[in-house]
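Here is what each chain is made of, one letter per residue.
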Amino acid sequence: MFVCKLNPMRFTTIAKHQRLLSREPSILSSIALARFKSSNPFNTGILFVPQQEAWIVERMGKFNRILEPGLNFLIPFLDRVGYVQSLKELAIDIPKQSAVTLDNVTLNIDGVLYLRVNDPYLASYGVEDPEFAITQLAQTTMRSELGKISLDKVFRERENLNFAIVESLNKASASWGLICFRYEIRDIKLPNRVQEAMQMQVEAERKKRAAILDSEGIREAHINVAEGKRQSTILASEADQQEQINRAQGEANALLAVAEAKAKGIQLIADALKQTDGYNAASLKVAESYVEAFGKLAKSTNTVIIPSNTSDVSSMVTQALSIYKTLTSKSKQSRKLSEEDK
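Reading the values: the criteria
All residue numbers here refer to positions counted from 1 along the written sequence of the relevant chain. A pLDDT threshold of at least 70 governs which residues receive local features in this predicted model, and a stricter bar of 80 or more applies before side-chain atom pairs are shown or counted, although totals over entire chains, interfaces and linings include all residues. Each side-chain value is derived from all of the structure's non-hydrogen atoms; neither hydrogens nor water enter the calculation. pLDDT is a per-residue confidence score from the predictor, ranging from 0 to 100. Labels follow the DSSP assignment, with helices taken as runs of H or I lasting at least four residues and strands as runs of E lasting at least two, numbered in each case from the N terminus. Here, residues are in contact when the closest pair of their heavy atoms is within 4.5 Å. At least two bridges found by DSSP between two strands are what make those strands a pair. To define axes, lines are fitted to C-alpha atoms, for helices over the stretch in contact only, and angles between the resulting N-to-C directions are given on a 0 to 180 degree scale. The length a helix should cover is 1.5 Å for every residue beyond the first. Accessible area is worked out with a 1.4 Å probe on protein chains only. A residue is then buried under 20% of its type maximum, exposed over 50%, and partly exposed in between. We define a salt bridge as a contact between a side-chain nitrogen of Lys or Arg and a carboxyl oxygen of Asp or Glu at a distance within 4 Å. Only buried residues count toward a nonpolar core, which is a set of Ala, Val, Leu, Ile, Met, Phe, Trp, Tyr and Cys residues joined through side-chain atoms within 4.5 Å. Classification of ring pairs rests on two measures: the distance between centres of Phe, Tyr or Trp rings, Trp counted by its six-membered ring, which must be within 6.5 Å, and the angle between planes, read as stacked under 30 degrees, edge-to-face over 60 and tilted in between. Two conditions define a charge sitting above a ring: the NZ of Lys or the CZ of Arg must be within 6 Å of the ring centre, and it must be within 35 degrees of the ring normal.

Participant: I'm lost on the confidence of the model for the protein in this one. Help?
Facilitator: Detailed reading of the predicted coordinates is not advisable wherever pLDDT is low. Mean pLDDT over the protein stands at 76; residues scoring 70 or higher make up 71%. Across the protein, the element-wise mean pLDDT spans from 40 in helix H2 (residues 28-31) up to 89 in strand E2 (residues 53-59). Between residues 1-37, whose pLDDT stays under 50, and residues either more than four places distant or in other chains, the model counts 43 contacts.

Take a look at the structure:
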């Protein structure tokens, strides 16, 4: 005979609710959201187990086996389904509770725990109410972990706090056949005064950062201006130095060109004197220069020195040529002495 399995809701007794409320008043808000499992099905001999469920079969009050999903056969009156465990991942709401941090700040904090039944046998016989047990353990573990850190680290190390809670829960719930995957802190509520103090601290920190950034901007601006003036001064001095070098090189080249021109002129005169009638040409040049210089004396000053024999031009030329001969003979003697020394 085939009988369809009904799926009525199994409600927790009022006495059990009262016992839970006496232990932890904070779970009052979670009772309305509590999940209720299916009631144990009646043994009709042929049972169909849904996917992701484990049915614990007891024979004459003793554990017999765990039914797999699909078609299963039981002995009527001797076998009965003692427990039905869901193998799906469950999300359990952890009620809000108060906890004290390392720096003696009271927080109101709640969270969500994600777990799954790993061993249906231990979940059925290892603990009376697995969800209630894991909820209480999560609350106590949360209080313990929050008491190890300060208020500032609660927000910065939220992920590490969640990991520490999950690790502690897995160590304790291994004997209950449960495995915890993750724990997430949902809401953290601070006292009003502490929240105001933290807000003032945040504003002060932002003002501090703004002042630092402003001062750094002014410093960078002054540095840039000073660096610009320095580079400008260096470039101006380098330009002045280069200008002086160019001017000195130009003057040196000009002096060198004038000296070379004079040397070439003197060399040409010397070559001309060596030729025939060179002496006569030199005498004529000296006479012309003498007459020209004598003619300019009256133009340069009011006082004029006139030689006694101004009409005797030939004597003046003869005197100039004698001076020239004397200088020429001295030059030849000095050149001869230098050649002998070599």
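Participant: Sorry if this is basic, but what is going on with the sheet that holds strand E5 (residues 79-86) here?
Facilitator: In sheet architecture, strand pairing relies on hydrogen bonds along the backbone and comes in two forms, parallel and antiparallel. Judged by pairing direction, the sheet is antiparallel, and its 3 strands sit side by side in the order E3-E2-E5 without closing on themselves. Whereas interior strands pair on both sides, the edge strands pair on one side only; in this sheet they are strand E3 (62-67) and E5. Strand-to-strand twist in this sheet, taken as the mean axis angle between neighbours without regard to direction, amounts to 30°.

Participant: I'm lost on helix H6 (residues 158-173) in this one. Help?
Facilitator: In an α-helix, one full turn covers 3.6 residues, which means residues spaced three or four apart are oriented alike. An ideal rise of 1.5 Å per residue puts 22 Å on 16 residues; H6 measures up with 22 Å between its terminal C-alpha atoms. Looking only at H6, the buried set comprises Leu161, Asn162, Ala164, Ile165, Val166, Leu169 and Ser173. Residues of H6 that are buried in the fold lie against strand E7 (106-117), helix H4 (130-146) and strand E8 (178-189).

Participant: Can you walk me through the sheet that holds strand E6 (residues 90-100) in this structure?
Facilitator: One open sheet holds the 3 strands; their spatial order is E6-E7-E8, and the pairing between them is antiparallel. Two strands bound the open sheet, and with one partner strand each, they are E6 and E8. Neighbouring strand axes in the sheet, compared pairwise and without regard to direction, differ in orientation by 25° on average. Against the sheet, H4 makes contact with E6, E7 and E8, and its axis sits at roughly 40° relative to E6, the strand it touches most. The strands touched by H6 are E7 and E8; relative to E8, the strand with the most contacts, the crossing angle is about 140°.

Participant: I would appreciate a short explanation of the pattern of salt bridges in the present structure.
Facilitator: In a structure, side chains of opposite charge can pair up when their charged atoms sit close to one another. Under the definition given, this model contains 10 salt bridges. Of the charged contacts in the structure, one is a salt bridge between Arg80 and Glu58, with a shortest N-O distance of 3.0 Å. With Arg80 in strand E5 and Glu58 in strand E2, the pair connects residues that are 22 residues apart, well separated along the chain. When the shortest N-O distance is used, the salt bridge between Arg209 and Glu205 registers 3.7 Å. Residue Arg209 and its partner Glu205 are both found in helix H7 (residues 192-274); the two are separated by 4 residues, about one turn of the helix.

Participant: What should I look at first to understand the nonpolar core in this one?
Facilitator: A general tendency of soluble globular proteins is for nonpolar side chains to be buried together. Core analysis: the biggest nonpolar cluster contains 32 residues, and Leu113, Ile134, Leu169 and Tyr183 have the highest contact counts within it. Here the element with the most residues in this core is H4; it accounts for 6 residues. With sequence-adjacent residues up to four places away left out, Tyr183 is seen in contact with Ile94, Asp110, Gly111, Val112, Leu113, Ala138, Met142, Asn162, Ile165 and Val166. Counting 8 residues, the second-largest nonpolar core is a separate cluster that includes Val49, Val57, Leu67 and Leu74.

Participant: Looking at this structure, how should I read H4?
Facilitator: Relative to the 24 Å expected for 17 residues at 1.5 Å per residue, H4 spans 24 Å between its end C-alpha atoms, a close match to the ideal helical length. Of all 17 residues in H4, 12 are buried, a share of seventy percent or more. Every buried residue of H4 is accounted for by Pro130, Phe132, Ala133, Ile134, Thr135, Leu137, Ala138, Gln139, Thr141, Met142, Glu145 and Leu146.

Participant: How do you make sense of the packing of aromatic side chains when you look at a structure like this?
Facilitator: Aromatic ring pairs: the centre-centre distance and the angle between the two ring planes describe each pair. Scanning the model with the defined rule gives 4 aromatic pairs in all. Centroid distance Phe63 to Tyr121: 4.8 Å. Interplanar angle 70°. Geometry classified as edge-to-face. With Phe63 in strand E3 and Tyr121 in helix H3 (residues 120-125), this residue pair connects regions lying 58 residues apart in the sequence. Judged by centre distance (5.3 Å) and plane angle (80°), the rings of Tyr83 and Tyr125 are edge-to-face. With Tyr83 in strand E5 and Tyr125 in helix H3, this residue pair connects regions lying 42 residues apart in the sequence. Classification of Tyr83 by relative accessible area gives partly exposed; the value is 31%. On the accessibility criterion, Tyr125 (34% relative accessible area) is partly exposed. Through a chain of ring-to-ring contacts, the aromatic side chains of Phe63, Tyr83, Tyr121 and Tyr125 assemble into a single cluster. Sitting over the face of the ring of Tyr114, Arg182 holds its NZ or CZ atom 4.4 Å from the ring centroid.

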